[in-house]
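Now for the letters of each chain:
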Amino acid sequence: QVQLVESGGGLVQDGGSLRLSCAASGSIFSINRMGWYRQAPGKQRELVADITSGGSTNYADSVKGRFTIIRDNAKNTVYLEMSSLKPEDTAVYYCGADLVVSDIRIQYRYWGQGTQVTVSS
């Protein structure tokens, strides 16, 4: 059984900062790409940022320069540091990870339960 558990969402004012965390646990053989996605009401889920096991990062244009994705491979944890938040960043943020479970050795995409981020104007 594999779990991704997110934390750190909440309500923040325009221009504020938040830090999201996502920890993967369970019978994990390896984790390849980890990332953060978000879904606003009435919109499709979109990539915010992701990071490979080697540390290569990728960001959506809308968050470049404001968000930073960080990964701690020893803890199977990925963080999203968000600053200069805007009302349009309001969404449910999901952690996603491409990982290989020890027993079956096949890579699957796993998702966290999501954490709400609300930016008030």
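Going by the structure above, here's the rest.
Residues numbered from 1 in each chain as written. Predicted model: local features only at pLDDT ≥ 70, side-chain atom pairs only at ≥ 80, totals over all residues. Heavy atoms only, no water.

Observations regarding the nonpolar core
Grouped together as the largest cluster of nonpolar side chains are 30 residues, with contacts concentrated most on Trp36, Val48, Phe67, Val78, Leu80, Met82 and Tyr93. Counting residues per element, the ones that place at least two in this core are strand E1 (2-7), strand E3 (18-26), strand E4 (28-39), strand E5 (46-51), strand E7 (67-72), strand E8 (77-82), strand E9 (91-101) and strand E11 (115-120). Excluding anything up to four places from it in sequence, Leu80 contacts Leu18, Arg19, Leu20, Trp36, Val48, Ala49, Phe67, Thr68, Ile69 and Tyr93. (Core = buried A, V, L, I, M, F, W, Y, C linked by side-chain atoms within 4.5 Å. Buried < 20%, exposed > 50% of the residue type's maximum accessible area, 1.4 Å probe, protein only. Helix = DSSP H or I, 4+ residues; strand = E, 2+ residues; numbered from the N terminus. Contact = heavy atoms within 4.5 Å.)

Observations concerning the state of the cysteines
Applying the stated criterion to the full structure yields one disulfide. Linked covalently through their sulfurs, Cys22 and Cys95 form a disulfide whose S-S length is 2.1 Å. The disulfide joining Cys22 to Cys95 has a torsion of about -75° about its S-S bond and is therefore left-handed. Pair noted here: Cys22 is in strand E3 and Cys95 is in strand E9, with a separation of 73 residues, a long-range link. Residue Cys22 shares its accessibility class with Cys95, and that shared class is buried. (Disulfide = S-S within 2.5 Å.)

Observations concerning the side chain of Arg71
The topology assignment puts Arg71 in strand E7. Buried and unpaired, Arg71 has no salt bridge, with Asp72 as the nearest side chain of opposite charge at 8.2 Å. Looking at Arg71, its side chain comes within polar contact range of the main-chain oxygen of Asn32, at 2.4 Å. One polar contact links Arg71 to Asn73, side chain to side chain, over a distance of 2.6 Å. The residues touching Arg71, leaving out its near neighbours within four places in the chain, are Ile31, Asn32, Arg33, Met34, Ile51, Thr52, Ser53, Thr77 and Val78. (Lys, Arg positive; Asp, Glu negative; His and termini not counted. Salt bridge = Lys/Arg side-chain N within 4 Å of Asp/Glu carboxyl O. Polar contact = N/O pair within 3.5 Å; in protein donor to acceptor, adjacent residues only side chain to side chain.)

Quick word on the packing of aromatic side chains
Taken as a whole, this structure holds one aromatic pair when the rule is applied. With a centroid separation of 4.9 Å and 70° between ring planes, the pair formed by Tyr37 and Trp111 is classed as edge-to-face. Note that Tyr37 is positioned in strand E4 and Trp111 in strand E10 (residues 107-111), a separation of 74 residues in sequence. The ring of Tyr79 carries the charged tip of Arg19 above its face, separated from the ring centre by 4.2 Å. In this structure, Arg45 is placed above the aromatic ring of Tyr94, and the distance from its NZ or CZ to the ring centre is 3.7 Å. (Phe/Tyr/Trp six-rings, centres within 6.5 Å; stacked < 30°, edge-to-face > 60°. Lys NZ or Arg CZ within 6 Å of the ring centre and 35° of its normal.)

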